[in-house]
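Take a look at the letters that make up each chain.
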Amino acid sequence: MTQAPAPPRATRRQHDREIVSLAVPAFGALVAEPLFVLADSAIVGHLGTAQLAGLGIASALLTTAVSIFVFLAYATTAAVARRVGAGELPAAIRQGMDGIWLALLLGAGVIAVVLPTAPFLVELFGASDTAAPYATTYLRISSLGIPAMLVVLAATGVLRGLQDTRTPLYVAVAGFVANGVLNAVLVYGAGLGIAGSAWGTVIAQCGMAAVYLVVVVRGARRHGASLRPDATGIRASAQAGAPLLVRTLSLRAILMIATAVAARLGDADIAAHQIILSLWSLLAFALDAIAIAGQAIIGRYLGADDTQGARDVCRRMVQWGIAVGLLLGVLVVVARPAFLPLFTTDSAVKDTALPALLVVALSQPICGVVFVLDGVLMGAGDGPYLAWAMLLTLAVFTPVALLVPTVGGGLTALWATMTLMMTVRMFTLWLRTRSGRWLVTGATR
């Protein structure tokens, strides 16, 4: 960050209150996705190792199909927050509606691609003959819920930009409970196996999307914002999200490469990798809750032409990220012996996962800085830099990860490579925030 005198203690307390008031509810909403996967993993894991391995591959593909469009949430948060800071509330909500329409169009396109290509995608990941049928089944069914998932992203972005993270929390909690109940009933009660888990998730996601649409539509009518699709607005939303799409595609490529490498190490390794990746995602979203607060706060400060406020809250959020990362790392170390039996009874899977979990624990302070600074730059609308920085990180990570099966070290070496990836990200993000070039003010960037 640009060097500046530390803000007075009263200002720091104000930032702390604002960060906490937004980040705590945001955490509940953010963990919906990894908690869905954790619930699926816990239920499917007791069906057998092959089923859990299949879920690991399918969920990685499904998460990629959805997460590449995360700009629907992040870009919308920043854009809406800027207009809120500038006092342009109706325009902010109209921009959010454009994002929701874009989400529906993109969701339909993703279904059209995933349904016919599911077996090929699973094979591309190197799934074993025992795991591939389960992966294909889960992927095909779950893809039907993608439009709902994208609507959830876009609508969540609108509410975050309006400084409302409580409504997404309530919807996420209800969705998680519904997902867990539906999975248990359909997998075991109805005897549908892994297909029941997929259907449970689809139903829960559609319910969440319906609730979000009701909330956003009511807000649009209250403030006189149009609900009709606008081709110009939809196109502008897509263009604004393009750099973040490149950034997210690069990040998802890293996660897919990691899963593909784990799959080639064996069924025990890919099963252990699925468990660890689910935990890592949960920890990442916990850290990202601070970043979400930062997106909303920084977007508002820049919209109101307050660069000093943006600098101060950025500095404070980095401190929060480091502290929370240290705490999460300690929790992983302490809880790891009790954590693994929740997902598998296979001793080979547990033995493979234990040392890799230590690597995850040690990397959490680094992750804390990365997620916070990533959120700061998103809130500032600095998408082009984020895209280039992530492409550089992908270029560093790929050759190292692909060497793991040859060099050895197994899953632990693979997760050490993931830590290297996060270190590169931290360095590139730190350079940008230190330069101050992200501090661009106004209702639009």
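The residue count restarts for each chain, going from 1 along the sequence in the order it is written. Only residues with pLDDT of at least 70 are given local features in this predicted model, and only at 80 or more are side-chain atom pairs given and counted; all residues enter the totals for whole chains, interfaces and linings. The side-chain figures draw on all heavy atoms in the structure; neither hydrogens nor water molecules are used.

Trainee: How do you make sense of the overall build of the protein when you look at a structure like this?
Mentor: Counting from the N terminus, the helices are the DSSP runs of H or I reaching at least four residues and the strands are the DSSP runs of E reaching at least two. Helix and strand content of the protein: 16 helices and zero strands. By the compact-globule yardstick of 22 Å for 445 residues, the protein fits well, its C-alpha radius of gyration being 21 Å. With respect to the three principal axes, the spread of C-alpha positions in the protein is 55 × 45 × 35 Å. For the protein, the proportion of its 445 residues judged to be buried stands at 58%. The criterion used for residue contact is that any of the two residues' heavy atoms lie within 4.5 Å. Once local pairs closer than 6 in sequence are excluded, the contacts in the protein between residues at least 24 apart make up 85%. Under the convention used here, a 1.4 Å probe and the Shrake-Rupley method define accessible areas, while residue burial counts only the protein chains that appear. As displayed, the protein offers around 16800 Å² of accessible surface, 68% of which is attributable to carbon and sulfur atoms. Positive charges come from Lys and Arg alone, negative charges from Asp and Glu alone, with His and the N- and C-terminal ends not counted. Note that the charge is assigned to NZ on lysines, CZ on arginines, CG on aspartates and CD on glutamates. Looking at charge distribution, the protein has the averaged site of its 29 positive side-chain charges lying 9 Å from that of its 20 negative ones. Here the radius of gyration uses the C-alpha set of atoms, whereas the globule reference equals 2.2 Å times the residue count to the power 0.38. Throughout, exposure labels follow a simple rule: accessible area from a 1.4 Å probe, protein chains only, divided by the maximum for the residue type, with under 20% read as buried, over 50% as exposed, and the rest as partly exposed.

Trainee: Sorry, what's going on with the pattern of salt bridges here?
Mentor: Should the charged atoms of two oppositely charged side chains come close, the side chains can pair. In what follows, salt bridge is the name for a side-chain nitrogen of Lys or Arg lying within 4 Å of a carboxyl oxygen of Asp or Glu. Applying the stated criterion across every chain yields a total of five salt bridges. Two residues, Arg 300 and Glu 18, come together in a salt bridge whose shortest N-O distance is 2.6 Å. Of this pair, Arg 300 sits in helix α11 (residues 267-303) while Glu 18 sits in helix α1 (residues 9-30), and the two are 282 residues apart along the sequence. Assessed through its relative accessible area of 17%, Glu 18 is described here as buried. A salt bridge links Arg 247 to Asp 374; the nearest nitrogen and oxygen atoms lie 2.3 Å apart. Taken as a pair, Arg 247 in helix α10 (residues 231-265) and Asp 374 in helix α13 (residues 347-379) lie far apart in primary sequence, 127 residues in all. Summarising the burial analysis for this pair, Arg 247 and Asp 374 share the class buried.

Trainee: Any chance you could explain the environment of Gly 196 here in plain terms?
Mentor: Of note, Gly 196 is situated in helix α9 (residues 194-222). Look at Gly 196 and you get buried, because its relative accessible area is 0%. Spatially, the C-alpha atom of Gly 196 lies 36 Å from that of Leu 362, the residues being 166 residues apart in sequence. Setting aside anything within four residues of it in sequence, one finds Gly 196 in contact with Leu 186 and Val 187.

Trainee: Would you take a moment to explain helix α8 (residues 166-189) for this structure?
Mentor: For an α-helix, 3.6 residues make a turn, and residues three or four places apart therefore share a direction. In this model α8 runs 33 Å from its N-terminal to its C-terminal C-alpha over 24 residues, within 8% of the 34 Å that 1.5 Å per residue would give. Within α8, the full set of buried residues consists of Pro 168, Val 171, Ala 172, Gly 175, Asn 179, Asn 183, Leu 186 and Val 187. Two residues or fewer after α8 comes Gly 191, characterised by a positive phi angle close to 70°. To estimate how far a helix should extend, the number of its residues minus one is multiplied by 1.5 Å.

Trainee: In this structure, what is going on with the side chain of Arg 252? I would like to understand it.
Mentor: Here Arg 252 lies in helix α10. On the basis of relative accessible area, Arg 252 is assigned to the buried category, the value being 11%. Aside from chain neighbours lying at most four places away, what touches Arg 252 is Ala 60, Thr 63, Thr 64, Ser 67 and Ile 68.

Trainee: I keep staring at helix α14 (residues 383-402) and nothing clicks. Help me out?
Mentor: The end-to-end C-alpha distance of α14 is 28 Å, a good match for the 28 Å that 20 residues give at a rise of 1.5 Å each. The complete set of buried residues in α14 reads Gly 383, Leu 386, Ala 387, Ala 389, Met 390, Thr 393, Leu 394, Phe 397 and Ala 401. Check the buried side of α14 and you find it contacts α10, α13, α15 (404-407) and α16 (410-435).

Trainee: Is there a simple way to explain a nonpolar patch on the surface in this structure?
Mentor: The patches described consist of residues with a relative accessible area above 30% and no salt bridge, like charges being joined within 9 Å and nonpolar side chains (Val, Leu, Ile, Met, Phe, Trp, Tyr) within 5 Å. Residues Leu 115, Leu 144, Leu 192, Trp 199 and Ile 203 make up a contiguous nonpolar surface patch of about 410 Å² in total accessible area. Looking at where Leu 192 falls in the secondary structure, it is placed in the loop between α8 and α9. Owing to a relative accessible area of 42%, Leu 192 belongs among the partly exposed residues under this scheme.

Trainee: I tried to follow the environment of Gln 308 on my own but got confused; where do I start?
Mentor: You can see Gln 308 is positioned in helix α12 (residues 307-339). Taking the relative accessible area as the measure of exposure, Gln 308 reaches 35% and is therefore partly exposed.

Trainee: Is there a simple way to explain the nonpolar core in this structure?
Mentor: Where a protein is soluble and globular, its nonpolar side chains tend to be buried together. In this description, a nonpolar core means a group of buried Ala, Val, Leu, Ile, Met, Phe, Trp, Tyr and Cys residues linked to one another through side-chain atoms lying within 4.5 Å. Formed by 134 residues in total, the largest nonpolar core has its most connected members in Leu 72, Trp 280, Trp 415, Met 418 and Trp 438. Element by element, the count of residues in this core is highest for α11, at 23 residues. Among all residues touching Met 418, those that are not within four sequence positions of it are Ile 254, Leu 255, Ala 258, Trp 280 and Phe 397.

Trainee: How should the environment of Gly 368 be read in this particular structure?
Mentor: Along the chain, the position of Gly 368 falls in helix α13. Assessed through its relative accessible area of 0%, Gly 368 is described here as buried. In the structure, Gly 368 is positioned 45 residues away from Ala 323 in sequence and 7.9 Å away in space, judged by C-alpha atoms.

Interpretation in functional terms is not warranted from these geometric data alone.
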